[in-house]
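Chains, contacts and geometry: an overview
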Amino acid sequence: MGAGSDGTVTVLARGEGLAAWRQIADGLSADIEAGHLAAGSQLPTEAALAARFGVNRHTVRRALAALAERGLVRATQGRGTFVETPRLAYPIGRRTRFSEIVSKAGREAWGDLLGAAAVPADAATAEALAIAPGSAMLELQTIHRADDTPLSTARTCLPLPRFDGFDRAYAALGSLTRAYAEFGIADYTRLSTRIGARPAVADEAARLDLAPGRVLIVLTSVNVDAAGVPIQATRSLFAADRVELVVEG
């Protein structure tokens, strides 16, 4: 079963016990694996696929949902459905820099600020930042992209008043490293990283263009400045279908 764009109708096998949506999903999956649908390319619209396979859009939608659940495609609100790109190798070491990692892979890195607020530090975050519980900290909610593909979303906390205005710098520069430079921090290192995994809940899946229930890699990390003072406590949620963590010695 081909997925060409010549406008011809692909005939599905009827009455053989295999649902139409499954045949469509299997056919598109085969085309992805064979390279006929390239990584990062946009699939035809639901209407075009429905016409090609001679089915209704609900059937196509179910087939695309099945592909998303297998991590082969991602549905982007308002833009369409895209073939997933290969996993990005993501090193975890003393100097972990999202922008550098993505750029070295030949892709464009950017971070979007979703929200920011000054909040009292909870006990766990206070311990990580070496501040007293209840002390003021700046909490950032962010999403990080390689090209147009969201790779991770994060909650990042920084001590106040040292980083007052950091949210504005990050929003303008799209990078923690570049924002730190605005605060006189030319270098920083990773003090600790903890790695876990769990399924994505609905709002996380929507933020990362994932099917609900897809696996997330959970990274809990602390960074310190050149003097060894904690400056950042972060919990990052990575789409497991899009990254491969490489732990460096």
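Note that residues are indexed from 1 along each chain, following the sequence as it is written. The predicted origin of the model limits local features to residues at a pLDDT of at least 70 and limits the giving and counting of side-chain atom pairs to 80 or more, whereas totals for whole chains, interfaces and linings rest on all residues. Only hydrogens and water are set aside when side-chain values are computed; all heavy atoms of the structure are taken into account.

Right, let's get into the pairing of strand E3 (residues 88-92). Residue burial is assigned from relative accessible area. The probe radius is 1.4 Å, only protein chains are included, and a residue is buried under 20% of its type maximum, exposed over 50%, and partly exposed in between. Labels follow the DSSP assignment, with helices taken as runs of H or I lasting at least four residues and strands as runs of E lasting at least two, numbered in each case from the N terminus. What you see with E3 is a clean split: Leu88, Tyr90 and Ile92 sit on the buried side and Ala89 and Pro91 on the side with no burial. Two strands form a pair only when DSSP identifies at least two bridges running between them. Note that E3 and strand E10 (residues 243-247) share 5 bridges and pair parallel. Bridge pairing in E10 links tyrosine 90 to leucine 245.

To continue, consider the environment of isoleucine 32. Secondary-structure assignment places isoleucine 32 in helix H1 (residues 20-34). Look at isoleucine 32 and you get buried, because its relative accessible area is 15%. Residues isoleucine 32 and valine 73, 41 residues apart in the sequence, show an inter-C-alpha distance of 9.3 Å. Not counting chain neighbours up to four residues away, the residues in contact with isoleucine 32 comprise Leu37, Leu72, Val73 and Val83. By the convention used here, residues are in contact when the closest approach between their heavy atoms is within 4.5 Å.

Another point: empty space enclosed by the protein. A cavity, in this analysis, means grid points on a 1 Å lattice covering only the protein atoms where a 1.4 Å probe fits yet has no way out; a pocket is instead an open set bounded by protein on both sides within 12 Å along at least five of seven lines, and a residue lines either one if it has an atom within 4 Å of a point. Grid points are joined across faces, edges and corners, and a volume is the space filled by probe spheres set on the points. Inspection of every chain in the model, using the stated rule, returns 1 cavity of 30 Å³ or more. Taken as a whole, the largest cavity holds about 330 Å³ of empty space. Lining of the largest cavity is provided by 26 residues; of these, Tyr90, Phe98, His144, Leu176 and Gln232 occupy positions nearest its centre. With 4 residues, the top contributor of residues to the lining of the largest cavity is strand E9 (residues 230-239). Gly is put with the polar residues, along with every residue not named as nonpolar or charged; the nonpolar set is Ala, Val, Leu, Ile, Met, Phe, Trp, Tyr, Cys and Pro, and the charged set is Asp, Glu, Lys and Arg. The residue makeup of the lining of the largest cavity, split by class, is 9 nonpolar, 14 polar and 3 charged.

To continue, consider the nonpolar core. Side-chain atoms within 4.5 Å are what join buried Ala, Val, Leu, Ile, Met, Phe, Trp, Tyr and Cys residues into a set we call a nonpolar core. Core analysis: the biggest nonpolar cluster contains 23 residues, and Ile24, Leu28, Val55, Leu64, Leu67 and Val73 have the highest contact counts within it. When residues of this core are traced back to their parent elements, those giving at least two are H1, helix H2 (46-53) and helix H3 (57-69). In terms of nonpolar packing, the next biggest core, distinct from the first, is built from 14 residues, Tyr90, Val102, Ala146 and Leu151 among them.

On to the environment of arginine 168, then. Residue position: arginine 168 is located in helix H6 (residues 166-173). The spacing of arginine 168 and alanine 179 is 11 residues in sequence and 8.7 Å in space, taken between C-alpha atoms.

Attention now moves to the environment of valine 119. Structurally, valine 119 can be placed in strand E4 (residues 109-120). Distance from valine 119 to serine 135, taken between C-alpha atoms, is 8.1 Å for residues 16 residues apart in sequence.

A word on the packing of aromatic side chains. Two aromatic rings are characterised by how far apart their centres lie and by the angle between their planes. Aromatic rings from Phe, Tyr and Trp, taking only the six-membered ring of Trp, are treated as a pair when their centres fall within 6.5 Å; an angle between ring planes under 30 degrees marks them as stacked, one over 60 as edge-to-face, and anything in between as tilted. In total, this model carries 8 aromatic pairs according to the counting rule given. Here phenylalanine 163 and phenylalanine 166 contribute two aromatic rings whose centre-to-centre distance is 5.7 Å and whose plane-to-plane angle is 90°, an arrangement assigned as edge-to-face. Note on phenylalanine 163: relative accessible area 0%, which makes it buried. Phenylalanine 166 gets classed as buried once you look at its relative accessible area, which sits at 0%. Taken together, the aromatic side chains of Phe163, Phe166, Tyr180, Phe183 and Tyr188 make up a single cluster linked through ring pairs. Look at NZ for Lys and CZ for Arg. If either is within 6 Å of the ring centre and within 35 degrees of the ring normal, a charge sits over the ring. The positively charged end of arginine 97 is found above the aromatic ring belonging to tyrosine 188, 3.7 Å away from the centroid.

Glancing now at H1. Here a helix's expected span is defined as the number of its residues, less one, multiplied by 1.5 Å. For H1, spanning 15 residues, the distance from its first C-alpha to its last is 21 Å, which sits close to the expected 21 Å at 1.5 Å a residue. Looking at the packing, one finds that the buried side of H1 touches H2, H3, strand E1 (73-76) and strand E2 (80-83).

Moving on to the sheet that holds strand E8 (residues 215-225). The sheet built from 6 strands is open, its strands ordered E4-E5-E6-E9-E8-E7 with antiparallel pairing. In the strand order of this sheet, the two ends are held by E4 and strand E7 (188-199), each with one partner. For this sheet the average axis-to-axis angle between neighbouring strands, irrespective of direction, equals 15°. Relative to E9, strand E6 (residues 149-159) is paired through 6 bridges, and the arrangement is antiparallel. In the sheet register, arginine 155 faces E9, and the bridge partner there is arginine 235. Here, axes are lines fitted to C-alpha atoms. For helices the fit covers the stretch in contact, and angles between N-to-C directions go from 0 to 180 degrees.

The next point concerns the pairing of E2. Where E1 lies against E2, 4 bridges are found, and the strand directions are antiparallel. The partner of valine 73 across the bridge, within E2, is valine 83. Once E1 ends, the chain turns through 3 residues before running back antiparallel as E2, passing glycine 78 with a positive phi of about 80°.

Definition used for salt bridges: Asp or Glu carboxyl oxygen within 4 Å of a side-chain nitrogen of Lys or Arg. By the definition in use, this model includes 16 salt bridges. Arginine 198 is the salt-bridge partner of glutamate 204, the closest N and O atoms lying 2.8 Å from each other. Ionic contacts of the salt-bridge type, sharing partners, join the residues Glu46, Arg57 and Arg61 into one network.

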